[in-house]
Amino acid sequence: MIRNFVDGEFAEPDGRCWQKISPVDGSVRADVHEADRDLVERAVAAARAALDGAWGRTTVPQRTALLRRAADLLEERYEEFVAAESADTGKPLQQARDLDVSRAVANFRSFADTVAAAGLPSYLTELPDGRRALNYAARKPLGVVAVIVPWNLPLLLLTWKVAPALACGNAVVVKPSEETPSTAVLLAEVLRDAGLPAGAYNVVHGFGPGSAGQFLVESRGIDGVTFTGSSATGASIMAAVAPRVRPVSFELGGKNPAVVFADADLDSAIDGLTRSVFANTGQVCLCTERLYVQRPVFDEVAERLAERARGLRLGRPDDPETTTGPLISQEHRDKVLRYYRLAEELGAKTLVGGGVPSMPGDLAGGSWIEPALWTGLTNADVQLREEIFGPCAALIPFDTEDEAVALANDTEYGLAASVWTTDLSRGHRVAQRMRVGMAWVNTWFLRDLRSPFGGVGLSGIGREGGDHSLDFYTQPTNVCVQL
Ligand code: NAD
Ligand code: 6OD
């Protein structure tokens with residue numbers, strides 16, 4: 001049984017449970033206790049009490065030391081986290097090791113560094129009438145922060161928010177995705193063992209509407225919401241908190257373009273594009289789903305990328321040969337397959353895959369899918385307009401730089417883009433013209449945790465990362481002292 005964690009204790013299951021299904025083979029992985037509104041309110045009240053108590057009086061050095069201890073303890077239990085993350089998501093163990101859990105450790109250390117180094121400007125004010133004053137700002141925690149995260153990179157995205165929130169002195173109530181409840185609970189043990197007082201970190205399990213997600217954002221006791229997930233859910237959360245005017249930080253969906261110029265180093269571009277289209281079975285908000293390729297190299301890029309897609313190895317998470325896991329659920333696979341079928345109906349040419357693979361033995365019960373690459377679609381087609389969140393992309397040729405920029409920016413989303421060229425000026429120029437929160441040149445998903453992360457348009461509100469996180473998780477209070 002996977003339980004809720006409230007006020008420093010695992011709550012005894014007393015109500016509804018649901019079954020977490022393994023995406024690898026369809027078996028029941030665990031029962032999960034769904035928090036009702038009462039338990040969510042108890043978690044919010046515990047968070048408030050922690051803020052009003054010892055946790056609210058901690059200093060920055062005490063909190064940074066705690067974050068570093070949490071990172072150390074996470075490392076001690078590394079393989080346990082890897083196994084839990086992989087079991088919930090079906091992703092290869094090696095990927096959980098190299099990306100998910102390693103980033104969770106880095107998140108704690110990085111935000112300890114950021115908070116330790118943080119400062120705010122002060123001003124000596126001199127008025128025309130001769131009065132002088134000292135203005136300075138003090139950062140106060142935002143308060144009780146609701147943290148709601150999705151299933152694709154569960155621990156990475158959770159710690160990306162929990163680490164800065166705690167470093168800034170907030171108390172959190174986290175709601176992991178119903179698909180991936182496990183690592184948020186393991187993290188509760190780690191934070192408790194690192195010395196975090198009861199109530200400062202609480203976990204409530206459940207779904208969105210009519211369940212723990214909705215109850216949490218409707219609670220009068222929360223002071224803000226930080227959310228990663230789909231744009232539609234972001235809009236619902238915004239509406240839910242609007243009557244109480246709470247701040248939100250939203251990292252939402254993407255429909256990310258890659259632009260490949262004919263002068264690109266194609267070996268490196270194909271490596272990068274393979275990762276950006278197929279990593280985590282295409283279930284990363286930053287994944288490329290629209291691929292614009294300059295006409296002279298269009299056929300070569302299409303053929304080479306299709307070849308790489310054919311080389312992906314679907315299989316068990318513990319098989320070292322496996323490169324690609326299943327989708328998170330049958331429901332998500334049904335959604336992705338609808339886009340696959342519609343592409344055929346629209347007359348697209350499917351260069352590779354595009355169906356359900358035949359998997360051996362018990363794997364046949366999992367939510368496996370083949371990767372897909374299409375040509376022959378246009379920006380008007382649904383495959384280029386809506387976020388699919390699967391291992392697929394459409395390739396479209398272009399001739400000029402202006403045309404590439406126009407095609408890439410022709411979307412309601414605006415999370416990330418990548419530009420592939422050996423012309424340095426062009427790389428900078430095109431990256432800056434992309435209407436996105438993050439543009440990469442000749443790489444993808446290369447992260448510096450101090451840099452701003454977020455999107456424009458349907459892709460989100462606000463930025464997190466380094467000092468940008470501190471701006472969300474604290475309230476600067478100005479103090480003006482007449483001298
Ligand atoms: P989702 O929006 O369905 O769910 C995300 C979380 O919100 C889950 O915990 C869910 O239970 C909860 N939730 C759903 N409805 C809610 C409501 N009305 N009130 C409160 N909570 C609610 O997203 P998902 O399917 O879990 O994840 C995939 C989506 O997340 C994709 O759109 C992807 O692009 C996006 N995502 C974005 C980023 C980013 O950084 N921009 C990162 C990862 C994933
Ligand atoms: O790298 C990060 O900090 C981050 N927030 C990644 C988001 C990935 C989305 O799926």
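Per-chain numbering applies: the sequence of each chain, read as written, is numbered from 1 onward. Going through the entries in the order they are written, you letter the chains from A and number the ligands from 1. In keeping with the predicted nature of the model, local features appear solely for residues at pLDDT of at least 70, side-chain atom pairs appear and are counted solely at 80 or more, and the whole-chain, interface and lining totals rest on all residues. Derived side-chain values reflect all non-hydrogen atoms in the structure, with water molecules and hydrogen atoms excluded from consideration.

Novice: Could you give me a rundown of the overall build of the protein chain, with the residues and numbers involved?
Specialist: A tally of helices and strands in the protein chain yields 15 helices and 20 strands. Since a compact globule built from 483 residues should have a radius of gyration of about 23 Å, the 23 Å found for the protein chain is in line with a globular shape. For the protein chain, the C-alpha atoms occupy an extent of roughly 70 × 65 × 40 Å along the three principal directions. The burial tally for the protein chain puts 58% of its 483 residues in the buried class. Sequence separation of 24 or more characterises 74% of the internal contacts of the protein chain that already satisfy a separation of 6 or more. Residue burial considers only the protein chains on display, and all accessible areas are found by Shrake-Rupley using a 1.4 Å probe. If you sum the accessible surface of the protein chain, you get close to 18,900 Å²; carbon and sulfur atoms cover 52% of it. When the 48 positive and 62 negative side-chain charges of the protein chain are each reduced to one mean point, those points stand 5 Å apart. Numbering of helices and strands runs from the N terminus, with a helix taken as a DSSP run of H or I at least four residues long and a strand as a DSSP run of E at least two residues long. A radius of gyration in this sense is built from C-alpha atoms; the matching globule rule multiplies 2.2 Å by the number of residues raised to 0.38. Partly exposed residues are those whose accessible area sits between 20% and 50% of the maximum for their type, while under 20% is buried and over 50% is exposed, using a 1.4 Å probe and protein chains only. Note on contacts: a residue pair qualifies if any of its non-hydrogen atoms lie within 4.5 Å across the two residues. Asp and Glu count as negative and Lys and Arg as positive, but His and the ends of the chain are not part of the count. Every charge is mapped to an atom, namely NZ of Lys, CZ of Arg, CG of Asp or CD of Glu.

Novice: Tell me about the domain arrangement of the protein chain, and please be specific about residues and values.
Specialist: By a widespread convention, an interface's size corresponds to the accessible area lost as its parts come together. Domain annotation of the protein chain identifies domain 1 (5–252 + 457–482) and domain 2 (256–441). Averaged C-alpha coordinates put domain 1 and domain 2 at centres separated by 31 Å. The interface of domain 1 with domain 2 comprises 24 residues on the first partner and 27 residues on the second. Both sides of the domain 1 and domain 2 interface together cover about 2,000 Å² of buried area, and 59% of this is carbon and sulfur. Here a salt bridge means any side-chain nitrogen of Lys or Arg lying within 4 Å of a carboxyl oxygen belonging to Asp or Glu. Our count for the domain 1 to domain 2 interface comes out at zero salt bridges. A 3.5 Å cut-off defines polar contacts: any pair of N or O atoms within that distance qualifies, except that in protein one atom must be a possible hydrogen donor and the other a possible acceptor, and neighbouring residues in sequence count only when both atoms are side-chain atoms. Applying the counting rule to domain 1 against domain 2 returns eleven residue pairs in polar contact (both at pLDDT 80 or more). For the side of domain 1 that touches domain 2, the secondary-structure elements that each account for two or more residues are α3 (78–89) and α4 (93–117). Just so you know, the domain bounds were taken from an automatic or database domain assignment. Two parts placed together each lose some accessible area under a 1.4 Å probe, and adding up what both lose gives the buried area.

Novice: Can you explain the site of ligand 1? Please cite residues and give values.
Specialist: To be near a molecule or strand, a residue needs just one of its heavy atoms within 4 Å of it. For ligand 1, the set of nearby residues contains 31 residues, the closest of which are E178, S230, T233, L252 and E387. T233 places a side-chain nitrogen or oxygen 2.8 Å from an oxygen atom of ligand 1. A distance of 2.5 Å is found between a nitrogen atom of ligand 1 and a backbone nitrogen or oxygen belonging to L252. Relative to its unbound accessible surface of 840 Å², ligand 1 loses 90% to contact with the protein. For the shell around ligand 1, the element with the most residues is helix α8 (residues 231–241), which contributes three residues. The classification used treats Ala, Val, Leu, Ile, Met, Phe, Trp, Tyr, Cys and Pro as nonpolar, Asp, Glu, Lys and Arg as charged, and all other residues, Gly among them, as polar. Among the residues making up the shell around ligand 1, the classes are represented as 15 nonpolar, twelve polar and four charged. Viewed by domain, the shell around ligand 1 spans two of them, domain 1 (5–252 + 457–482) and domain 2 (256–441), each represented by three or more residues.

Novice: Tell me about the sheet that holds strand β20 (residues 474–482), and please be specific about residues and values.
Specialist: For two strands to count as paired, DSSP must find a minimum of two bridges between them. Pairing in this open sheet of three strands is antiparallel, and the strands run β5-β6-β20 from one edge to the other. At either end of the open sheet lies a strand with only one pairing partner, and these are β5 (122–126) and β20. Between one strand axis and the next, the sheet turns through 25 degrees on average, direction left out of account. In this description, a line fitted to the C-alpha atoms serves as the axis of each element, helices being fitted only across the stretch in contact, and the angle between N-to-C directions of two axes falls anywhere from 0 to 180 degrees.

Novice: So, the sheet that holds strand β17 (residues 416–420): which residues are in play, and what are the values?
Specialist: Read from one edge of the open sheet, seven strands run β14-β15-β16-β13-β12-β17-β18, paired in mixed fashion. This sheet does not close on itself; its edge strands, each paired only once, are β14 (349–353) and β18 (438–441). Each strand of the sheet is rotated relative to its neighbour by a mean of 20 degrees, with strand direction disregarded. With three bridges joining them, strand β12 (residues 256–260) and β17 adopt parallel strand pairing. Bridging across to β17, V260 finds its partner in W420. Strands in contact with helix α10 (residues 295–310) are β12, β13 (288–294), β14, β15 (372–375) and β16 (392–398); relative to β13, the strand with the most contacts, it is inclined by about 140 degrees. Sheet strands in contact with helix α13 (residues 401–409) are β12, β13 and β16, and its direction is about 150 degrees off that of β16.

Novice: An account of the environment of P164 is needed here, citing residue identities and associated values.
Specialist: As for its placement among the helices and strands, P164 is situated in helix α5 (residues 154–167). Judged by relative accessible area, P164 falls into the buried class, the value being 0%. Every residue in contact with P164, bar those within four places of it in the chain, is listed here: F111, T159, S469 and Y473.

Novice: How would you sum up the site of ligand 2? Please name residues and give values.
Specialist: Taken together, R103, N152, L153, L157, W160, E251, V284, C285, F445, R447 and F453 make up all the residues around ligand 2. Taking R103, its side chain carries an N or O atom lying 2.8 Å from an oxygen atom of ligand 2. With the chains in place, 99% of the 300 Å² that ligand 2 exposes on its own is no longer accessible. Taken together, the residues of the shell around ligand 2 sort by class into seven nonpolar, one polar and three charged.

Novice: Explain the packing of aromatic side chains to me, and be specific about the residues and the numbers.
Specialist: Pairs were defined over the aromatic rings of Phe, Tyr and Trp, the Trp ring being its six-membered one, requiring ring centres within 6.5 Å. Orientation was assigned from the angle between planes: stacked under 30 degrees, edge-to-face over 60, tilted for the rest. Counted by the stated rule, this structure contains ten aromatic pairs. Considering the side-chain rings of F261 and F398, the 5.4 Å spacing of their centres and the 80 degrees angle between planes classify their relative orientation as edge-to-face. Of this pair, F261 sits in the loop between β12 and α9 (266–278) while F398 sits in strand β16, and the two are 137 residues apart along the sequence. Pair check on accessibility: F261 and F398 agree, each one buried. Each member of the aromatic cluster is reached from another via a ring pair, and the members are F111, W160 and F453. We note R426 situated over the ring of F261; from NZ or CZ to the ring centre the distance is 4.2 Å. Two conditions define a charge located above a ring, namely a distance within 6 Å from the ring centre to NZ of Lys or CZ of Arg, and an angle within 35 degrees of the ring normal. Between R447 and the ring centre of W160, over which it is positioned, the NZ or CZ distance is 5.0 Å.

Novice: Give me unusual backbone geometry: which residues, what numbers.
Specialist: Unlike most non-glycine residues, T281 shows phi in positive territory, near 55 degrees. When you line up the elements, T281 lands in the loop between α9 and β13. Even without being a glycine, N442 presents a positive backbone phi close to 60 degrees.

Novice: Hey, could you go over the environment of I148 for me, with residue numbers and the actual values?
Specialist: Within the secondary structure, I148 is located in strand β7 (residues 144–148). Residues I148 and T228, 80 residues apart in the sequence, show an inter-C-alpha distance of 6.4 Å. Residues contacting I148, with those up to four places away along its chain left out, are K175, G213, L216, V217, T226, F227, T228 and I237.

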